[in-house]
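Reading the structure
For reference, the chains in residue letters:
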Amino acid sequence: METVKVNASKKYDVIIGCDTSALVGKKVKELSPNGKVCVVTDDNVAALHLDSIRDRLKESKIKHEVFVFRHGEQSKSPKVLFELLEFLANKHFNRTDVLIALGGGVTGDLTGLAAAMYMRGMYLVQMPTTLLAMVDSSVGGKTAVNLEAGKNLAGVFNQPDLVLCDTRMLGTLPREIFCDGMAEVIKYGVIADRRLFELVRDGGAIINLEKVIARCVSIKRDIVNEDEYDNGKRQLLNFGHTLAHSLEKLSNYEISHGSAVAMGMLMIAEIAWKNKYSTERCQDEIIDALLENGLPISCPYEPSELYYNAVGDKKCTAGLITIIIPERIGRCRRLELSLDEFRELLKSN
């Protein structure tokens, strides 16, 4: 079992290991000795894991309710958010109670935002069930829902009180969902750790999964501790994401987040090399890592389509857009461009 301690505006532990979900009752009692719990999850995860989590809560004599929503990115919406808030109000939850986000990134983002909004703040426990959520979205405090205009446009920073990553749950994932998470692992290697990248590129991640997750969380922890509110260094975590969000929206979210990040990372690496922003040809190694981990290496959309949707992203301000480019594997930097410069870079790919 690995524990990563986060020291942001709120201090909390990220506990990683097999069957860490067994700790949920004890940890909830430590947060709120007399509080009750609302477990928020989607219908897919509910069928797999909800009963075991409820059993753990019952063993600790914790009163709880369950809010289940339809799986998929389309549920990461203001409509479902307010259905959850109304549910909490109708069930008479209060600020001393606990929300548990049991699921992937959609569940974590939705529940995290609800925890910040309901009565101006409830306790929040993240229990990610996907690799992507374990290594990325459950840690760091970003919460949001999508608007029709784009992804993650309505949200707040709300650090959790605890993150429990139960690696045993990853055994229930379809292969393509597991591969989605590997896209984020590859991202962490490119931005901060060549040894991690080489391990993933060479197919060694699965047999070292607990340590891989802990390393990714540690990288994110260090960046978040330095720049919690995403004004500088934290933007490195957006490597590949500016184009990824555009790809997701263009596909009406039929392209998964991990696949979109994979395409976005490769396109940016190619652009960086062609325009002499990189000191080494990163795209060849990134292709090897993506193929090794079942991720796509080609994009179905034209540069003009990507540009139109990317400039509507929250990363674009005052006529400028910031992209993250790899100088070499293990080191990235921020590059601020005018919109015209960004359009020309996309055309160069």
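Okay, so let's go over this structure. Everything quoted here is computed from the prediction, not taken from an experiment. (Residues numbered from 1 in each chain as written. Predicted model: local features only at pLDDT ≥ 70, side-chain atom pairs only at ≥ 80, totals over all residues. Heavy atoms only, no water.)

Along the protein, the regular secondary structure elements total 13 helices and 12 strands. Relative to the 2.2 N^0.38 estimate, which gives 20 Å for 349 residues, the radius of gyration of the protein is 20 Å and therefore close to what a compact globule would have. Along the three orthogonal principal directions, the C-alpha set of the protein runs to about 60 × 40 × 35 Å. Put simply, the protein has 349 residues, and 58% of those count as buried. Counting only contacts in the protein whose residues sit at least 6 apart along the sequence, the fraction spanning at least 24 positions is 74%. Total accessible area on the protein stands at roughly 14,700 Å², and carbon and sulfur atoms take up 48% of it. (Helix = DSSP H or I, 4+ residues; strand = E, 2+ residues; numbered from the N terminus. Rg over C-alpha atoms; globule rule 2.2 N^0.38 Å. Buried < 20%, exposed > 50% of the residue type's maximum accessible area, 1.4 Å probe, protein only. Contact = heavy atoms within 4.5 Å. Areas by Shrake-Rupley, 256 points an atom, 1.4 Å probe, with all protein chains shown as cover.)

Mapped onto the fold, E285 is located in helix α11 (residues 282-292). Judged by its relative accessible area of 16%, E285 falls in the buried class. Here the side chain of E285 touches R201 through a polar contact of 2.6 Å, side chain to side chain. The residues contacting E285, other than those within four sequence positions of it, are R194, F197, R201, E280 and I329. (Polar contact = N/O pair within 3.5 Å; in protein donor to acceptor, adjacent residues only side chain to side chain.)

This brings us to the nonpolar core. V14 and I286 are the most contacted members of the largest nonpolar core, which totals 73 residues. A total of 11 residues in this core trace back to one element, the largest contributor, which is helix α10 (residues 257-274). Ignoring sequence-local partners within four residues, the contact set of V14 consists of E2, T3, V4, V6, V139, V163, C165 and V217. (Core = buried A, V, L, I, M, F, W, Y, C linked by side-chain atoms within 4.5 Å.)

Our next topic: unusual backbone geometry. In this structure, H92 is a non-glycine residue whose phi angle is positive, near 60°. Within the fold, H92 resides in the loop between α3 (78-90) and β5 (98-103). The residue M119 is not glycine, and still its phi comes out positive at about 50°. Secondary-structure assignment places M119 in the loop between α4 (105-117) and β6 (123-128).

With that settled, consider the pairing of strand β3 (residues 37-42). Both faces of the sheet carry side chains from a regular strand, because those side chains alternate between them. Taking burial as the measure, the 6 residues of β3 include 6 buried ones, the bulk of the element. Burial of the side chains of β3 extends over both faces: V37, V39 and T41 are buried on one face and C38, V40 and D42 on the other. Pairing geometry for β3 and strand β4 (residues 64-69), over 6 bridges, is parallel. Bridging from a neighbouring strand, D42 pairs with F69 of β4. (Pairing = 2+ DSSP bridges.)

None of the figures reported here should be taken as evidence of function without further support.
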